[in-house]
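Residues per chain are reported as follows:
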Amino acid sequence: MIIPRRQVPTNAWKPSAIGERDPGLGNLSRMPSLVLALALVGCLVLRSTGRAQTASCGTCHPDRFHQWAASPHAHTQTDVANELSQSDVGLSPAAILQAEDCLACHSPTSVLANGTMTEPQTLSYFFTTSAGLVTAGTAATNTAAWPHVECAACHSVPTNHVTAPSQGPPPTLALFDAQTAGHRAVTGASQLCGQCHGSLHFADTDHRLYDAWAASKHANTQTDVANELSQARAGQSPEDVIYGTGGENCIACHAPTAVLAARGDEADALNYFFTTTAGVFTTNTVAAHGSEWPNVACNACHDPHNPTSPAYFNSDTLEYEVMTNSAQLCGQCHGNLRFPDTDHLSYNLLQGTGGVGVPDQQLMAEVTCVDCHMHRSDVDGSNSSMAEGHSWAVALPEADGSLTVSCLKCHTDAQPQDALAVITGWQADFQALDATVTANVARAAQVLQGVQDPALQAALAEARHNLAYAESDESGGFHNHTYLMALLQDANAKALSIPILGVRLDGAELIVSWIGTGTLQSATSPAGPWQVVTSGAGPAQVPLGSQGPARYFRLQR
């Protein structure tokens, strides 16, 4: 598939590190903003490296402001009030913050309200107490000044950004630390998210989405791309890989936000993140600038300013595309929703469509990708609960040695090992049949070499399609298992329907090929008598001799 090369502005700047500048506020003409909170209501004091500037972010960034205003990041005070009144009754603000620093994530810049305050003073200012202690009646107060998770919580904004945004450096990704009342640098959007949605800021937190992501395949993609480039794309330039004949846009799925680090298009990202020699990839191509490679980052699937709506970051348009549902988001890369000619087709196979001559079939139409791969148990403190599905594992080990298996959400009477046995059994059945079908389709292709019969070639093409389609599932045979097996069975039947004997010369020997197993017989006349040549699977080598009568062959089963 050939994709037109996008024109990149010649004045687009390149940072020395992915976290150096925030493209959302630094170059709004072409880059979306990529961190969590956005605009401020009214005026706000922004503090960055000791500098202060009064600004209304929503004035210049109204679209992102409205997204932020409707998101959970703009509605955090009530949650904190509920937590205090339900779990911290009888405790002082200082004691609460020593046990759990809720301000650090729910509203870090709140310490700047009412003049700069300590965290205990801030908690007392924004939530009611009685005799200096939290009660069951504790509620939010001074709500007009509560900043929620605002722009400055995730952006370090230079003092001249509002008055002269084009003359100074743009905002950078940075965590505002409530304890120091200053920003801390981060290396990328995922690391920023992981401060509060992971253990990067507080090691003992029970919010471990980032930790689960960091151990998943989504967080380890650069080596796979490097291997693909060195093994299958040697001799090609980055432009060839992305835009050339047979091109494949690997960046779009393996690390879509990598284009932001490279400050260009997908070809520029390939050139930046993987080594070349004389402008082309070689068998020695390896990963480069690994510390900046974002993998499938948080902001690949979440618009940071509207994080609860599934959204796909399009590396070509540099815009977020809001998805109708989570399955549609998965299907961008694990299906053909963005690239029609991809061979990653789990999404399509789950829909149970696309086979040639095989009736459509969905095994569990009501079950979506996230039901199995992002299951979150209701056991408080479990790995499953803390990871919130971001390991994408069907079976997740717990600290006590048990397993949380997503199947048990519906199959409540099953045991974890029973569910895993079903999965592995289906995979084994698929793989065994797949090996048989692969061999039969290969033999059919060998038999039809040089044969111009349209009907036979059509049967072979359909067999190849259904075999390849079944093999494009990424579950090893579990997804929509009955449909996968039907695809293989159909491919096998079509391969076996092709006339099984093929004959070709190889020097002084005749090579007789056939599909499946049987007894090959030979005769000098179609009427016989027939003599056994060999039994079993083909092919067979038959010496011709210098001269002799005509010979005929048949296969008996």
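Placed above this text is the structure.
Every value quoted in this text rests on a predicted model; they were computed, and no experiment measured them.

**Concerning the sheet that holds strand β4 (residues 172-177)**
Remark on secondary structure: sheet strands pair via backbone hydrogen bonds, oriented parallel or antiparallel.
Link 1 in the chain: One open sheet holds the 3 strands; their spatial order is β3-β4-β5, and the pairing between them is antiparallel. The open sheet has two edge strands, β3 (155-156) and β5 (182-185), and neither has a second partner.
Link 2 in the chain: Relative to β5, β4 runs antiparallel, the two being bridged by 4 bridges. Within the sheet, the bridge partner assigned to Asp-177 lies in β5 and is Gly-182.

**Comments concerning the pattern of salt bridges**
Link 1 in the chain: This structure, assessed with the given rule, holds 8 salt bridges.
Link 2 in the chain: In this structure, Lys-494 and Glu-462 form a salt bridge, with 2.9 Å as the shortest nitrogen-oxygen distance. Linking Lys-494 in helix α23 (residues 481-497) with Glu-462 in helix α22 (residues 454-471), this pair joins segments that are 32 residues apart in sequence.

**Observations regarding the sheet that holds strand β11 (residues 502-506)**
Link 1 in the chain: The sheet built from 3 strands is open, its strands ordered β11-β12-β15 with antiparallel pairing. Among the strands making up the open sheet, the edge pair consists of β11 and β15 (540-543). Each adjacent strand pair in this sheet contributes to an overall mean axis angle of 30 degrees, direction not counted.

**Side note on the state of the cysteines**
Link 1 in the chain: Counting across every chain of the model gives 2 disulfides.
Link 2 in the chain: The residue that forms a disulfide with Cys-105 is Cys-196, at a sulfur-sulfur distance of 2.3 Å. Disulfide Cys-105-Cys-196: torsion about the S-S bond near -95 degrees, hence left-handed. In this pair, Cys-105 is assigned in helix α6 (residues 103-106) and Cys-196 in the loop between α9 (189-193) and α10 (209-214), connecting sequence segments 91 residues apart.
Link 3 in the chain: Residue class for Cys-105 comes out partly exposed when judged on its relative accessible area of 21%.
Link 4 in the chain: What pairs with Cys-253 in a disulfide is Cys-333, and their sulfur atoms sit 2.2 Å apart. Judged by the sign of its S-S torsion, about -95 degrees, the cystine formed by Cys-253 and Cys-333 is left-handed. Highlighted residues: Cys-253 in helix α13 (residues 251-254) and Cys-333 in the loop between α17 (326-330) and α18 (346-351), separated in sequence by 80 residues. For the pair formed by Cys-253 and Cys-333, the shared burial category is buried.

**A short note on α22**
Link 1 in the chain: In this model, α22 (18 residues) spans 26 Å end to end at C-alpha, consistent with the 26 Å of a helix rising 1.5 Å per residue.
Link 2 in the chain: Looking at α22, one finds that the buried residues are Leu-456, Ala-459, Leu-460, Ala-463, Asn-466, Leu-467, Tyr-469 and Ala-470.
Link 3 in the chain: The elements touched by buried residues of α22 are α18, α21 (416-447) and α23.
Link 4 in the chain: Backbone nitrogen of Ala-455 and a side-chain oxygen of the N-cap are separated by 2.9 Å at the start of α22; the cap is Asp-453.

**Some remarks on the nonpolar core**
Link 1 in the chain: In this structure, Leu-270, Phe-274 and Trp-293 are the most contacted members of the largest nonpolar core, which totals 26 residues.
Link 2 in the chain: Broken down by secondary-structure element, the contributors of at least two residues to this core are α11 (222-232), α12 (238-243), α14 (258-262), α15 (266-273) and β7 (306-314).
Link 3 in the chain: Not counting the four nearest positions on each side in its chain, Leu-270 is found in contact with Val-225, Leu-229, Pro-238, Val-241, Ile-242, Cys-250, Ile-251 and Phe-281.
Link 4 in the chain: Of all hydrophobic cores here, the second largest spans 25 residues; its members include Leu-433, Tyr-469, Tyr-483 and Met-485.

**Considerations on a negative patch on the surface**
Link 1 in the chain: A cluster of like negative charges, contributed by Glu-83, Glu-100, Asp-204, Asp-206 and Asp-380, occupies part of the molecular surface.
Link 2 in the chain: In this structure, Asp-206 sits in the loop between α9 and α10.
Link 3 in the chain: Asp-206 sits in the partly exposed class, given a relative accessible area of 40%.

**Topic: the pairing of strand β12 (residues 509-513)**
Link 1 in the chain: Counting buried positions along β12 gives 4 out of 5 residues, so the element sits mostly inside the fold.
Link 2 in the chain: Here 5 bridges tie β11 to β12, and the two strands are oriented antiparallel to one another. By the bridge assignment for β12, Leu-505 is matched with Leu-510.
Link 3 in the chain: Connecting β11 to the next strand, β12, in antiparallel fashion are 2 residues, including Gly-507 with a positive phi near 70 degrees.
Link 4 in the chain: In terms of strand pairing, β12 meets β15 through 4 bridges, oriented antiparallel. Within the sheet, the bridge partner assigned to Ile-511 lies in β15 and is Gln-541.

**As for the environment of Glu-471**
Link 1 in the chain: By the element assignment, Glu-471 lies in helix α22.
Link 2 in the chain: With residues near it in sequence (within four places) discarded, Glu-471 still touches Phe-430, Asp-434 and Thr-438.

**So, empty space enclosed by the protein**
Link 1 in the chain: All told, the structure shown has 1 cavity of 30 Å³ or more when counted by the stated rule.
Link 2 in the chain: Estimated volume of the largest cavity: approximately 50 Å³.
Link 3 in the chain: Lining the largest cavity are His-375, Ser-384, Ala-387, Gly-389, Ser-391, Ala-393, Val-394, Leu-396, Thr-404, Val-405 and Ser-406.
Link 4 in the chain: Here the residues of the lining of the largest cavity are counted per class, giving 5 nonpolar, 6 polar and no charged.

What counts as what
Residues numbered from 1 in each chain as written. Predicted model: local features only at pLDDT ≥ 70, side-chain atom pairs only at ≥ 80, totals over all residues. Heavy atoms only, no water. Pairing = 2+ DSSP bridges. Helix = DSSP H or I, 4+ residues; strand = E, 2+ residues; numbered from the N terminus. Salt bridge = Lys/Arg side-chain N within 4 Å of Asp/Glu carboxyl O. Axes fitted to C-alpha atoms, helices over the stretch in contact; angles between N-to-C directions. Disulfide = S-S within 2.5 Å. Buried < 20%, exposed > 50% of the residue type's maximum accessible area, 1.4 Å probe, protein only. Expected span 1.5 Å × (residues − 1). Contact = heavy atoms within 4.5 Å. Polar contact = N/O pair within 3.5 Å; in protein donor to acceptor, adjacent residues only side chain to side chain. Core = buried A, V, L, I, M, F, W, Y, C linked by side-chain atoms within 4.5 Å. Patch = residues over 30% accessible without salt bridge, like charges linked within 9 Å, V, L, I, M, F, W, Y side chains within 5 Å. Areas by Shrake-Rupley, 256 points an atom, 1.4 Å probe, with all protein chains shown as cover. Lys, Arg positive; Asp, Glu negative; His and termini not counted. Charge placed at Lys NZ, Arg CZ, Asp CG, Glu CD. 1 Å grid on protein atoms, 1.4 Å probe; cavity = no way out; pocket = protein on both sides within 12 Å on 5 of 7 lines; lining within 4 Å. Points joined across faces, edges and corners; volume = space filled by probe spheres on them. Nonpolar A, V, L, I, M, F, W, Y, C, P; charged D, E, K, R; others polar.

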